[in-house]
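An overview of the molecular structure
One-letter residues, chain by chain:
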Amino acid sequence: MTIFLHDTLQGKKLPFEPRKEGEVTMYLCGPTVYNYAHIGNARPAVVFDLLSRVLRCRFKLKFARNITDIDDKINQAAIDTGRSIGEVTEQYIKAYNEDMSALGVLPPDIEPHATEHVDEMIAMITTLIDKGFAYEAEGHVLFDVAANPDYGKLSKRDLREMIAGARIEVAPYKRSAQDFVMWKPSTPELPGWDSPWGRGRPGWHIECSAMAEKHLGRTIDIHGGGQDLVFPHHENEMAQSTCVHDGEPFANYWVHNGFLSMDSTKMSKSLGNVLLVRDLVKVVPGEVIRLALLSAHYRQPLNWSGETVEESRRMLDRFYGAVRGVAISDEVRAAAAPPDALLEALEDDLNTPKALAEMFALAKQINKATDAEEKAGLAASLLAAGEIMGLVKQDPEAWFAGASADDEMSADDIDALLKAREEARANRDFATADGIRDKLADAGISIEDGPDGTRWRRI
Ligand code: AMP
Ligand code: ZN
């Protein structure tokens, strides 16, 4: 069987062939660590975690997911909170890894940090200047897009049209509006490194080009990220890396996930409509969130709603219900393989809706089976499927115990608690009132006091 992957550069699904037989390299642009990850940020992490699991079934994989710990948004977060940059990045790196782990995302093989690769970035920029692809101006170093005829190919943009249509105010030191910064000067209070162009800091795009080369080589097999990164981030990474390597391709397959939206509006930090993974895992099991993120094909948009979550929970109940109470011997478990149809679906450009449908069909078969041996074999196969998908990892009894403990509080119970809170407040017993609010919050109920009394909703 051949693995198929959709490549953004060629704009179509292609049979996947690694450069070196039996070995694959994959680079995924990781988080910029100035804030907690929202559920949209979790989509690429989960999608590429699944791709890494599928690839590992056949190849020796080297998977790098970087940490962007040099960025102006981080500097701003440090200023806003009166902390050092190191404190800010350390907090959010730790939180990111905890949150992703709650969603069953396995750690990548390599997690390079930008701050540890500044020498490599300076070396790459120096070579780009020497080869005539970059120029220095007023302490900045800019990539000269006009020197690279392939610029715009990944994002299907015509450079001449871009230049003609540029309305953005052009910094006086730029030759062209499209030229992008690889190095910029730092004021004394900002983080900076000594360089041939004075004390400064790298731009975001050069960080990834340098880290990818250092850990995975000049050409990588698969480069991934969210669709929003195609332009300018990946276009610029590709320009830098191919020019510095005399035209050698940067990535053989560009894989991009679609966007997650909430109420049909793109979820983004700048729009403020974000749902943090951190908050969500308090009220929804990580596996439910993971399944919800995989419920749509990775290139399709995914609208996040209570319904998506509930459907995913029901599906997991179905999987756990099918294996609950089935005695599976260690031998049967060890010999079990996921159904061929599930592997075929995943190897066909990560067709997760089809893979989940195969798991669903298998659960149905388990429920129907009357022969104990047959039942055990099918149940072991479902668990093997879960192994790849990163689902059905818990003991079924624990799953159902957790589900009933988490079970939604009934409306009557909520009303009774709100009444008790009202009474406590009337008696100026604020400790009890606050305790009730916390109890409701723990059960995923948010409350809002208004002129007509207290209203509640499930988060
Ligand atoms: P950032 O930390 O903002 O650089 O984003 C980290 C990753 O999350 C990138 O691969 C983005 O493309 C991806 N991303 C951000 N927002 C969304 C979203 N709403 N849906 C899917 N992916 C997203
Ligand atoms: Zn990147």
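Described below are features of the structure shown in this document. Predicted, not measured: the structure shown is a model, and the values here were computed from it.

Conventions used here
Residues numbered from 1 in each chain as written. Chains lettered and ligands numbered in written order. Predicted model: local features only at pLDDT ≥ 70, side-chain atom pairs only at ≥ 80, totals over all residues. Heavy atoms only, no water. Salt bridge = Lys/Arg side-chain N within 4 Å of Asp/Glu carboxyl O. Helix = DSSP H or I, 4+ residues; strand = E, 2+ residues; numbered from the N terminus. Buried < 20%, exposed > 50% of the residue type's maximum accessible area, 1.4 Å probe, protein only. Donors = N, O, S within 2.8 Å, 3.2 Å for Na, K, Ca; no water. Tetrahedral: all angles 85-135°; square planar, octahedral: opposite > 155°, others 65-115°. Pairing = 2+ DSSP bridges. Near = heavy atom within 4 Å. Polar contact = N/O pair within 3.5 Å; in protein donor to acceptor, adjacent residues only side chain to side chain. Areas by Shrake-Rupley, 256 points an atom, 1.4 Å probe, with all protein chains shown as cover. Nonpolar A, V, L, I, M, F, W, Y, C, P; charged D, E, K, R; others polar. Axes fitted to C-alpha atoms, helices over the stretch in contact; angles between N-to-C directions. Contact = heavy atoms within 4.5 Å. Parallel < 35°, antiparallel > 145°, perpendicular 65-115°, else oblique. Left-handed = near helix turned anticlockwise from the far one by under 90°.

1. Here we look at the pattern of salt bridges
Evaluated as defined, the whole model comprises 29 salt bridges. A salt bridge links Glu397 to Arg324; its shortest N-O distance comes to 3.2 Å. Separated by 73 residues along the polypeptide, Glu397 in helix α15 (residues 396-406) and Arg324 in the loop between α10 (306-323) and α11 (330-335) bring together distant segments of the chain. Residue classification places Glu397 among the partly exposed residues on the basis of a relative accessible area of 40%. Residue class for Arg324 comes out partly exposed when judged on its relative accessible area of 38%. Ionic pairing is found between Asp449 and Arg421, a salt bridge with its closest N-O pair at 2.9 Å. Of the two residues, Asp449 sits in strand β14 (residues 445-450) while Arg421 sits in helix α16 (residues 411-426), which places them 28 residues apart along the sequence. Owing to a relative accessible area of 4%, Arg421 belongs among the buried residues under this scheme. Connected through shared salt-bridge partners, Lys94, Glu98, Asp99 and Arg278 make up one network.

2. Quick look at the coordination of the zinc ion (ligand 2)
Looking at the zinc ion (ligand 2), the protein donor atoms are Cys29 (SG), Cys208 (SG), His233 (NE2) and Glu237 (OE), and they sit 2.1 to 2.3 Å from it. With four donor atoms in place around the zinc ion (ligand 2) and angles of 75 to 131 degrees between them, the coordination shape is irregular. Donor residues for the zinc ion (ligand 2), ordered by position in the chain, follow C-x178-C-x24-H-x3-E. In this pair, Cys208 sits in helix α6 (residues 204-216) while Glu237 sits in helix α7 (residues 230-244), placing the two residues 29 residues apart along the sequence.

3. As for the pairing of strand β6 (residues 140-143)
By the alternation rule, side chains of β6 split into His140 and Leu142 and Val141 and Phe143, which are all buried. Taken together, the four bridges between strand β5 (residues 134-137) and β6 define a ladder with antiparallel strand orientation. When the sheet's bridge partners are listed, Ala137 is paired in β6 with His140. In this structure, the hairpin formed by β5 and β6 is closed by a connection of two residues, where Glu138 is found at a positive phi of approximately 50 degrees. Where β6 and strand β7 (residues 180-185) come together, three bridges link them in antiparallel fashion. The residue of β7 that forms the bridge with Phe143 is Phe180.

4. Here we look at the site of ligand 1
With respect to spatial proximity, 15 residues lie near ligand 1, and among them Gly40, Gly226, Asp228, Leu260 and Met267 are the closest. Take Asp228: an N or O atom from its side chain is 2.4 Å from an oxygen atom of ligand 1. With respect to ligand 1, the backbone of Leu260 contributes an N or O atom lying 2.8 Å from a nitrogen atom. Considered on its own, ligand 1 offers 490 Å² of accessible surface; in the complex 90% of this is hidden by protein. No other element matches helix α1 (residues 39-56), which puts three residues into the shell around ligand 1. The residue inventory of the shell around ligand 1, partitioned by class, reads six nonpolar, seven polar and two charged.

5. As for the sheet that holds strand β3 (residues 23-28)
With parallel pairing, four strands are arranged side by side in an open sheet as β4-β3-β9-β10. If you trace the sheet from one side to the other, it starts and ends with β4 (60-65) and β10 (251-257), each paired once. Between one strand and the next, the sheet's axes are offset by a mean angle of 20 degrees, whatever the strand orientation. Pairing of β3 with β4 involves six bridges; the strand directions are parallel. Within β4, the position partnered with Thr25 by the bridge is Lys62. Where α1 meets the sheet, it contacts β3, β4, β9 (220-226) and β10, and its direction lies at approximately 175 degrees from that of β3. Sitting on the sheet, α7 is in contact with β9 and β10, with an inclination near 160 degrees to β9.

6. Quick look at the packing of helix α4 (residues 118-130) against α7
Two elements in contact, α4 and α7, have axes separated by 9 Å at closest approach and are oriented at 70 degrees. Here α7 runs roughly perpendicular to α4, going by the angle between their axes. In this structure, α4 meets α7 at a crossing whose hand is left-handed. On the side of α4, the interface is formed by Met124, Thr127 and Leu128, while α7 contributes Gln240, Cys243 and Val244.

So yeah, pure geometry; function would need other evidence.
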